[in-house]
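Coordinates in review
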Amino acid sequence: GAGVSQSPSNKVTEKGKDVELRCDPISGHTALYWYRQRLGQGLEFLIYFQGNSAPDKSGLPSDRFSAERTGESVSTLTIQRTQQEDSAVYLCASSLRDRGYSYEQYFGPGTRLTVT
Amino acid sequence: AQSVTQPDIHITVSEGASLELRCNYSYGATPYLFWYVQSPGQGLQLLLKYFSGDTLVQGIKGFEAEFKRSQSSFNLRKPSVHWSDAAEYFCAVGVGVANFGNEKLTFGTGTRLTIIP
């Protein structure tokens, strides 16, 4: 079946502009995650959605970052007034949560964001 | 909070040689442990995972990892590497079943593997 997809694959924006990144999870996966990967570093957790529960936003680095998810489908990560330090690859992942157990996360190819 | 340490930033091995990538974690309860591989220009792919049971787990591409609770380690091994194994490897820890609703993974900073002929 189809994996996690993300769009755009690359985004170049000017400092101060807003950007929207999209994630389409695997169909049927109830959990969705956003991570950020700066050059040469590991993945940094940003936000986690699980079904209709309130999202875990504990990883969002500032109030310029926000994310939404409609039901168990598409999610959008929005970065307002982008800064150069926002340049990174933004990865989305989804997983199946069954009877309280989360299974492994499947990652999309990422969106490479460059802020000039 | 949980944390993961991958002490080796970069490892170089010869094709056909054995490989061990180190991973140490910090977590108070039974962790979920994962190894992911990221090839250039590719997304992360799950190599293997440990949830419970047998502490030696087998994964894809001939990789295995051993969970050692006493050492808080989950090292990745392969008996004979291939040139196609050159990639970035990430160890990750997730909270166990005692903490539903908080399944985000904490990743190490990665180990870059270079294979020489």
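Here the structure is a predicted model, which is why all the values come from computation and not from measurement.

A few words now on the nonpolar core. Residue and element names in this part refer to chain B. Counting 26 residues, the largest nonpolar core has L19, W35, L47, L48, F74, L76 and Y89 as its most contacted members. When residues of this core are traced back to their parent elements, those giving at least two are strand 2 (10-14), strand 3 (19-21), strand 5 (32-38), strand 6 (44-50), strand 8 (64-68), strand 9 (73-78), strand 10 (87-94) and strand 12 (111-116). Examining the composition of this core, we find that 4 residues originate from one element, strand 10, more than from any other. Leave out the neighbours within four places in its chain, and L76 touches L19, E20, L21, W35, L47, L48, F63, E64, A65 and Y89.

Below, the discussion takes up the environment of K11(A). Residue and element names in this part refer to chain A. With respect to the helices and strands, K11 occurs in strand 2 (residues 10-13). For the pair formed by K11 and V115, sequence separation is 104 residues and the distance between their alpha carbons is 8.4 Å. The contacts of K11, once residues within four sequence positions are left out, are V19, T111, R112, L113 and T114.

This brings us to the state of the cysteines. Counted by the stated rule, this structure contains 2 disulfides over all chains. Each sulfur of the disulfide joining C23(A) and C92(A) lies 1.8 Å from the other. Sign of the S-S torsion, about -65 degrees for the bond between C23(A) and C92(A), identifies this disulfide as left-handed. Residue C23(A) is located in strand 3 (residues 19-24), and its partner C92(A) is located in strand 8 (residues 88-95); the two are separated by 69 residues in the primary sequence. Judged by relative accessible area, C23(A) falls into the buried class, the value being 0%. Look at C92(A) and you get buried, because its relative accessible area is 0%. A disulfide bridge connects C23(B) with C91(B), and the sulfur atoms are separated by 1.9 Å. In this structure the cystine formed by C23(B) and C91(B) twists about its S-S bond by roughly -65 degrees; its chirality is therefore left-handed. With C23(B) in the loop between strand 3 and strand 4 (24-26) and C91(B) in strand 10, this residue pair connects regions lying 68 residues apart in the sequence.

In this section: the packing of aromatic side chains. Taken as a whole, this structure holds 15 aromatic pairs over all chains when the rule is applied. Plain terms: the ring middles of F34(B) and F51(B) are 5.8 Å apart, the flat faces sit at 80 degrees to each other, and that makes the pair edge-to-face. Here F34(B), found in strand 5, pairs with F51(B), found in the loop between strand 6 and strand 7 (56-58); they are 17 residues apart in sequence, far enough to count as distant. The class of F51(B) is partly exposed, set by a relative accessible area of 22%. Geometrically, the ring pair formed by Y50(B) and F74(B) is tilted, given 6.4 Å between the ring centres and 50 degrees between the ring planes. Taken as a pair, Y50(B) in strand 6 and F74(B) in strand 9 lie far apart in primary sequence, 24 residues in all. Accessibility assignment for this pair places Y50(B) and F74(B) in one class, buried. In this structure an aromatic cluster arises from ring pairing among Y33(A), Y35(A), F45(A), Y48(A), F107(A), Y32(B), F34(B), Y36(B), F51(B) and F107(B).

Residues and elements named next belong to chain A. Read from one edge to the other, the open sheet built from 4 strands follows the order 1-3-7-6, with strand pairing classed as antiparallel. The open sheet has two edge strands with one neighbour each: strand 1 (5-7) and strand 6 (65-69). This sheet shows a mean twist of 15 degrees between the axes of neighbouring strands, independent of strand direction. Taken together, the 5 bridges between strand 3 and strand 7 (residues 75-79) define a ladder with antiparallel strand orientation. In the strand pairing of strand 7, V19 is matched with I79.

What follows is about the interface of chain A and chain B. With 20 residues of chain A at the interface, the matching set in chain B holds 20 residues. Each partner contributes to the roughly 1,600 Å² buried at the junction of chain A and chain B, and carbon and sulfur atoms together form 58% of this total. The three residues of chain A that bury the most area against chain B are L43(A), E104(A) and F107(A), which together make up 27% of that side's buried surface. Our enumeration of links across chain A and chain B arrives at 0 salt bridges. The interface formed by chain A and chain B holds 3 residue pairs in polar contact (both at pLDDT 80 or more) in total. Elements supplying a minimum of two residues to the side of chain A that touches chain B: strand 4 (31-37), strand 5 (43-50) and strand 10 (101-102) of chain A. Classifying every residue of the side of chain A that touches chain B by side-chain character gives 9 nonpolar, 8 polar and 3 charged.

Procedures and definitions
Residues numbered from 1 in each chain as written. Chains lettered and ligands numbered in written order. Predicted model: local features only at pLDDT ≥ 70, side-chain atom pairs only at ≥ 80, totals over all residues. Heavy atoms only, no water. Core = buried A, V, L, I, M, F, W, Y, C linked by side-chain atoms within 4.5 Å. Buried < 20%, exposed > 50% of the residue type's maximum accessible area, 1.4 Å probe, protein only. Helix = DSSP H or I, 4+ residues; strand = E, 2+ residues; numbered from the N terminus. Contact = heavy atoms within 4.5 Å. Disulfide = S-S within 2.5 Å. Phe/Tyr/Trp six-rings, centres within 6.5 Å; stacked < 30°, edge-to-face > 60°. Pairing = 2+ DSSP bridges. Axes fitted to C-alpha atoms, helices over the stretch in contact; angles between N-to-C directions. Buried area = accessible area lost by both parts, 1.4 Å probe. Salt bridge = Lys/Arg side-chain N within 4 Å of Asp/Glu carboxyl O. Polar contact = N/O pair within 3.5 Å; in protein donor to acceptor, adjacent residues only side chain to side chain. Nonpolar A, V, L, I, M, F, W, Y, C, P; charged D, E, K, R; others polar.

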